[in-house]
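Architecture at a glance
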Amino acid sequence: MRGEGAALWHGARSALVQRKVAAQQGAPRLEQGGRLLRLVLHGAHRQMEDRNVQGRPLCRRRAAGQSVLPGDRRRLTRHLGKQRFRRVTRPRGIGSRVLLALTICAFALAAAGCRGRGPSPNLAGSAREVLVVACAVDALSLDPAVAYEFVSANVDLDLYETLLRYEGNDFTRPRPGLATSWKASADGLRWVFRLRKEARFASGAPVDAEAVKFSLDRTLDMKMGPSEILSDLLSPDRIRVIDAHTVEMRLKHPSSYFLCTLSNSAAAIVDPKVVRQHPASWMTDHSAGSGPFVLERWERDVSMVLTRNEQYWGRKPRLRRVIIKDVKEPSTQAMMLERGDIDMAYDLSPLQISEAQAASSRVRVVEGPFLRLFYLGMNVRCKPFDNPKVREAVRCAIDYDGLVRDMARGHALALQGPIIKGLLGYQPALGTARHDPVRARRLLADAGVGEGFDTTLYASTGPTAFGPSRDEICAKLQSDLAAVGIRAEVKMLSSTAYLDLYRGKKTALNMGDWGADFPDAFNFAQPFGHSRGPLAARVQFADATLDGLIDSASAELDDRRRRAMYIAIQKRLMAIGPWAVLLQPTRALLMRAEVHGFVYEALSPMDYAGVWKGEP
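Residues numbered from 1 in each chain as written. Predicted model: local features only at pLDDT ≥ 70, side-chain atom pairs only at ≥ 80, totals over all residues. Heavy atoms only, no water.

**Points about the overall build of the protein chain**
A tally of helices and strands in the protein chain yields 22 helices and 20 strands. Taken over 616 residues, the protein chain has a buried fraction of 59%. In the protein chain, the proportion of contacts linking residues at least 24 apart, taken out of those at least 6 apart, comes to 71%. Roughly 23600 Å² of accessible area belongs to the protein chain as shown, and the carbon and sulfur atoms make up 52% of that amount. (Helix = DSSP H or I, 4+ residues; strand = E, 2+ residues; numbered from the N terminus. Buried < 20%, exposed > 50% of the residue type's maximum accessible area, 1.4 Å probe, protein only. Contact = heavy atoms within 4.5 Å. Areas by Shrake-Rupley, 256 points an atom, 1.4 Å probe, with all protein chains shown as cover.)

**Some words on the packing of helix 19 (residues 522-529) against helix 21 (residues 544-555)**
The contact between helix 19 and helix 21 brings their axes to 10 Å, and the two run at 160°. What the angle tells us is that helix 19 and helix 21 run roughly antiparallel. In terms of crossing hand, the pair formed by helix 19 and helix 21 is left-handed. The residues of helix 21 that touch helix 19, namely those facing F522, A525, Q526 and G529, are L546, D547, I550 and S554. A per-class count over the contact of helix 19 with helix 21 returns 4 nonpolar, 3 polar and 1 charged. (Axes fitted to C-alpha atoms, helices over the stretch in contact; angles between N-to-C directions. Parallel < 35°, antiparallel > 145°, perpendicular 65-115°, else oblique. Left-handed = near helix turned anticlockwise from the far one by under 90°. Nonpolar A, V, L, I, M, F, W, Y, C, P; charged D, E, K, R; others polar.)

**So, the confidence of the model for the protein chain**
Detailed reading of the predicted coordinates is not advisable wherever pLDDT is low. Mean pLDDT over the protein chain works out to 83, with 79% of the residues at or above the 70 mark. Overall, residues 21-70 carries pLDDT values under 50, and its contacts beyond four positions in sequence, including any with other chains, amount to 161 contacts. (pLDDT = per-residue confidence, 0-100.)

**Brief notes about the sheet that holds strand 5 (residues 190-195)**
Read across the open sheet, the 4 strands follow the order 4-5-7-6; overall the sheet is antiparallel. The open sheet is flanked by strand 4 (179-184) and strand 6 (239-243), the only strands paired with a single partner. Across the sheet, the mean angle separating the axes of adjacent strands is 20° when strand polarity is ignored. With 5 bridges joining them, strand 4 and strand 5 adopt antiparallel strand pairing. In the strand pairing of strand 5, A184 is matched with W191. (Pairing = 2+ DSSP bridges.)

**Remarks on the nonpolar core**
If you look at the biggest cluster of nonpolar residues, it comprises 106 residues, and the most contacted ones within it are L163, F193, M249, F258, I324, F598 and Y608. Top element by residues in this core is helix 8 (residues 209-222). It accounts for 6 residues. Those residues in contact with F258 that lie beyond four places of it in its chain are W191, F193, L233, L234, M249 and L251. (Core = buried A, V, L, I, M, F, W, Y, C linked by side-chain atoms within 4.5 Å.)

**Section: the environment of G610**
Mapped onto the secondary structure, G610 falls in the loop between strand 19 (595-596) and strand 20 (612-613). Measuring from C-alpha to C-alpha, the distance between G610 and H596 comes to 8.4 Å, with 14 residues separating the pair along the chain. The residues touching G610, leaving out its near neighbours within four places in the chain, are H596 and G597.

**Some details on the packing of aromatic side chains**
Taken as a whole, this structure holds 10 aromatic pairs when the rule is applied. Consider the rings of Y312 and W313, whose centres lie 5.7 Å apart with planes at 45°: the pair is tilted. Grouped by ring-pair contacts, the aromatic residues W191, F193 and F258 constitute a single cluster. Of note, R300 hangs over the ring of W298, and the distance from its end group to the ring centre comes to 4.1 Å. Sitting over the ring of Y502, R538 keeps its end group 5.1 Å from the ring centre. (Phe/Tyr/Trp six-rings, centres within 6.5 Å; stacked < 30°, edge-to-face > 60°. Lys NZ or Arg CZ within 6 Å of the ring centre and 35° of its normal.)

**Describing the pattern of salt bridges**
Within the structure shown, the criterion is met by 33 salt bridges. The salt bridge involving D406 is made with R405; its shortest N-O contact spans 3.2 Å. Residue D406 is classed as partly exposed on the basis of its relative accessible area of 44%. For D520, the salt bridge goes to R562, with nearest N and O atoms at 3.2 Å. With D520 in the loop between strand 17 (509-515) and helix 19 and R562 in helix 22 (residues 559-576), this pair connects stretches of sequence that are 42 residues apart. Of the two residues examined, D520 and R562, each falls in the buried class. A cluster of three or more residues bridged by salt bridges with shared partners is formed by R190, R240, E248 and R250. (Salt bridge = Lys/Arg side-chain N within 4 Å of Asp/Glu carboxyl O.)

**A few points about the side chain of R321**
In this structure, R321 sits in strand 10 (residues 321-326). In terms of polar contacts, R321 uses its side chain to reach the side chain of E296, at 3.2 Å. (Polar contact = N/O pair within 3.5 Å; in protein donor to acceptor, adjacent residues only side chain to side chain.)

**Section: the pairing of strand 10**
Across the 6 residues that make up strand 10, a large majority, 6, are buried. Side chains R321, I323 and K325 of strand 10 all project onto a buried face; the interleaved residues V322, I324 and D326 project onto the opposite face, where all are buried too. Pairing between strand 1 (residues 130-135) and strand 10: 6 bridges, direction parallel. When the sheet's bridge partners are listed, C135 is paired in strand 10 with D326.

Below, the structure is given as structure tokens:
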């Protein structure tokens, strides 16, 4: 199935699956003609938007500007198989003639499917043990050794467990997961973990030390994107089974952030027996974990279905099933929530949330921090950005408060450095450059470009998850820069094209974003400030002083000294570096009033273990 035919097929299939979901929940048949027609056309439209406009990104998380190991595409091809890889990554188009045929077919389907059955019922509310959520699914694989996108990494935390975890938005102290206790040697190189004896995989097999070593070795050996979270500190020969419930790990060097890395889905523990029984690609769309849910099925572009793990050692979820529907368009998510077709929507803009709250008292919003920031990057090898005064002038030209107020509608926080709020080292005020157009013009004059200059601002198309599109943010930046004489032509590219340029160090000026792999300041200071950091390398920035400071902070085990070091790192980076840090967004979810028990956690915003449905 290719191109236009695929769009029609997926549109129709989406409609039929929604009917099937309704039947699974015990709801009566719901479609009237207009309803089925909208579903078909919506499904086709999603195909067009996702494939024709944005292409099919290899990995949306990496498309957001995050790190990618060289050779990822090659390894992923080997893992999935060439044919399957092409199927999930191939950009496709659709023609106008087929649109006409699509519409005709949709009417035919609608006519066949509707016979005037009365008003649409509340789909999500029809089954108290079933939670239906909608989000833009970016997953490529649910194998925890491969998953490196927002949805796949978060769904994996429903299917698998890690040795440690963080609760709520407290990132200062790890809590027991599969490990009940841990202890470090005096030099911080040797760590011993004691495991929870009652933990069981969904297969019924015990979670033991052999499973821990198998799982971490597997992630490291596969060398996919997530492995870099662990490989800086661990290698298979450094992980040793002491007894059935005790594991020892010896680090390559002392690390202040080691425990944080073990909370990432890359360190999820898998069932060795189940994994060995299947080919490697089986883990792409199956699960073999000990988490509160198991993966029942995943139909790409339609939905993931999770069912309760009856072997789960902890408090069993009250939900029997969770259905994660792949709905790319926020406006469609809003419509589905209003109609009661879903219980939760993940991707609504602040304006859509406000409108939904004004229209109905049966919805409520849950908001929390987003471990992500947006930035403007300047390539220090491109003139005139090779001059530190020009880089400072750019930082002074940007109206940061206007971005928060007008673009994010208050659902964001202006930052002065790359370490976001909630992490050790965050400082609300660093005393670095703020919005000051007069100073910006003076700096440009001092740099010898007082008449201004022409440049190009690159960014990828698409939404930002907190409201405005990237186009709108770039338009605001373009206006701010123009006010001090910097004439920036904005070029919005597909994610793939943008990343090709950015990774190739060919962008003079670019707007991107960066999200945390684990909740530690190192995960922000190193990418932005270290010469080996993935973002610093793309703008060709290197500073030996910063390299030394960041290396020292990563090995410092005293939090008080570490905090002071990260503040010093940010001050130097924002004085001489190639970045203007724009804002840290917050994340707001809208849900129906009958959904209870959901606690927003920045590291696992798709944790449904404690969720239940009842009267509002």
